[in-house]
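# Results of the structural survey
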Amino acid sequence: LFRSHAPASDVTAPTRLPEVIVTATRTKEETFSLPYAVDAVDADELGRKLPRTTTDALRELPSVMLQKTGNGQASPYLRGFTGFRTLMLVDGIRLNNSTFRDGPNQYWNTVDSLSLDRLEVVRGPGSVLHGSDAVGGTVNALSKGATLDGDEFDLDGHVQYRFSSAEDSHTGRVEADGGRAGRWGFYFGISPKHFGDLRGGAGIGKQLKTGYDELDWDMKLEYFVEPQSRLVYAHQTVRIDDAWRT
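Residues numbered from 1 in each chain as written. Predicted model: local features only at pLDDT ≥ 70, side-chain atom pairs only at ≥ 80, totals over all residues. Heavy atoms only, no water.

## Quick word on the overall build of the protein chain
- Check the secondary structure of the protein chain and you find 2 helices and 16 strands.
- The long-range fraction of contacts in the protein chain, counting pairs at least 24 apart against all pairs at least 6 apart in sequence, stands at 55%.
- Surface accessibility of the protein chain: about 13,900 Å² in total, with carbon and sulfur atoms responsible for 55%. (Helix = DSSP H or I, 4+ residues; strand = E, 2+ residues; numbered from the N terminus. Contact = heavy atoms within 4.5 Å. Areas by Shrake-Rupley, 256 points an atom, 1.4 Å probe, with all protein chains shown as cover.)

Okay, structure coming up:
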């Protein structure tokens, strides 16, 4: 991890502000003042869970159930609905389209969980705000971007690696961002992943066809027209290879 720092004398203790949710009303509102059942999975929790997929990050939330055809393939049930009756947004832009089928599908896994800064989950109908497919609930995946301070050019980076012996998995993430605060910024990340076959308990042995390979990358360019108005170009690619339906 490499990052520029201010002198020690200028550092003050951070202040934790009340959590706000945007997805439920399209405006910033405190969680307890919303007329919906909502949850948020923040960056700290994503870092603690290190989920294989974005869908796996929702596993421990109330009223959410995952249907997994195999590793690397999962479809969430929100309030008993899945498929095209649940809506996923990426930075407020819908991932759902007319090709989504009625039953469980794997499209939500085409968003790299390591590229996300936060997940906002709104349970229950949201069709008035988000369209007719937001029946069971809405999930807004908010991606990472440049974190800039001060008027001078700033360049930051982050590297992380995870190994698991039970599945012989190797997961990595390399990120870099930079720019000038309030003017322009860029962000780039790449996530190579290898998941081996799971080893079961006594008498089970190796569970064949449970491993797969994955390579993801994403980028974001930001230009500030005004301090509170910006143009954003973002791209995400997820390539999952040989994920068997077991």
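## A short note on the sheet that holds strand β10 (residues 154–164)
- Taken together, 5 strands build an open sheet; the order of strands is β10-β11-β12-β15-β16 and the sheet is antiparallel. Edge strands, defined here as strands with exactly one partner in the open sheet, are β10 and β16 (229–241). Taken over all neighbouring pairs, the strand axes of this sheet differ in orientation by 5 degrees on average, direction set aside.
- Summarising the sheet, β10 and strand β11 (residues 169–180) pair through 11 bridges and their orientation is antiparallel. In the sheet register, Asp156 faces β11, and the bridge partner there is Asp177. (Pairing = 2+ DSSP bridges. Axes fitted to C-alpha atoms, helices over the stretch in contact; angles between N-to-C directions.)

## Focus: the nonpolar core
- Counting 18 residues, the largest nonpolar core has Leu58, Trp108, Leu119 and Val139 as its most contacted members.
- For this core, the elements supplying multiple residues, two or more each, are β4 (64–70), β6 (86–90), β8 (116–123) and β9 (137–143).
- With 3 residues, the single largest contributor to this core is β8.
- If we ignore the near neighbours within four places in the chain, the residues touching Val139 are Leu58, Leu78, Leu87, Met88, Leu89, Trp108, Leu119, Glu120 and Val121. (Core = buried A, V, L, I, M, F, W, Y, C linked by side-chain atoms within 4.5 Å. Buried < 20%, exposed > 50% of the residue type's maximum accessible area, 1.4 Å probe, protein only.)

## Some points on a nonpolar patch on the surface
- Where nonpolar side chains cluster on the molecular surface, the patch consists of Phe153, Leu155, Trp184, Tyr223, Val225 and Leu231 and spans about 630 Å² of accessible area.
- For Trp184, a relative accessible area of 35% gives the class partly exposed. (Patch = residues over 30% accessible without salt bridge, like charges linked within 9 Å, V, L, I, M, F, W, Y side chains within 5 Å. Salt bridge = Lys/Arg side-chain N within 4 Å of Asp/Glu carboxyl O.)

## Let's talk about the sheet that holds strand β3 (residues 37–41)
- Strand order in the open sheet formed by 5 strands is β3-β8-β9-β6-β7, with mixed pairing between adjacent strands. Because the sheet does not close on itself, it has two edges, and the strands there are β3 and β7 (93–94).
- Sheet analysis places β6 next to β7, joined by 2 bridges and oriented antiparallel. Of the residues in β7, the one forming a bridge with Leu89 is Arg94.

## Notes on the pattern of salt bridges
- Going through the model one piece at a time under the given rule, you end up with 19 salt bridges.
- The closest approach of N and O atoms between Asp39 and Arg123, which form a salt bridge, is 2.4 Å. One end of the pair, Asp39, is in strand β3; the other, Arg123, is in strand β8, with 84 residues separating them in the sequence.
- Under the relative-accessibility criterion, Asp39 is labelled partly exposed at 22%.
- Among the ionic pairs, Glu167 bridges to Arg52, the shortest N-O distance being 2.9 Å. With a gap of 115 residues between them, Glu167 in the loop between β10 and β11 and Arg52 in the loop between α1 (43–49) and β4 connect regions that are remote in the sequence.
- The network of salt bridges with shared partners includes Asp112, Lys144, Arg173, Glu175, Lys193, Glu214, Asp216 and Asp218.

## Looking at the packing of aromatic side chains
- Tallied over the full model, the rule gives 4 aromatic pairs.
- Look at Phe100 and Tyr107: their rings are 4.2 Å apart centre to centre, the planes differ by 10 degrees, and that puts the pair in the stacked class.
- Against the face of Phe195 rests Arg52, its NZ or CZ located 4.2 Å from the ring centre. (Phe/Tyr/Trp six-rings, centres within 6.5 Å; stacked < 30°, edge-to-face > 60°. Lys NZ or Arg CZ within 6 Å of the ring centre and 35° of its normal.)

Read these as spatial facts, not as claims about activity.
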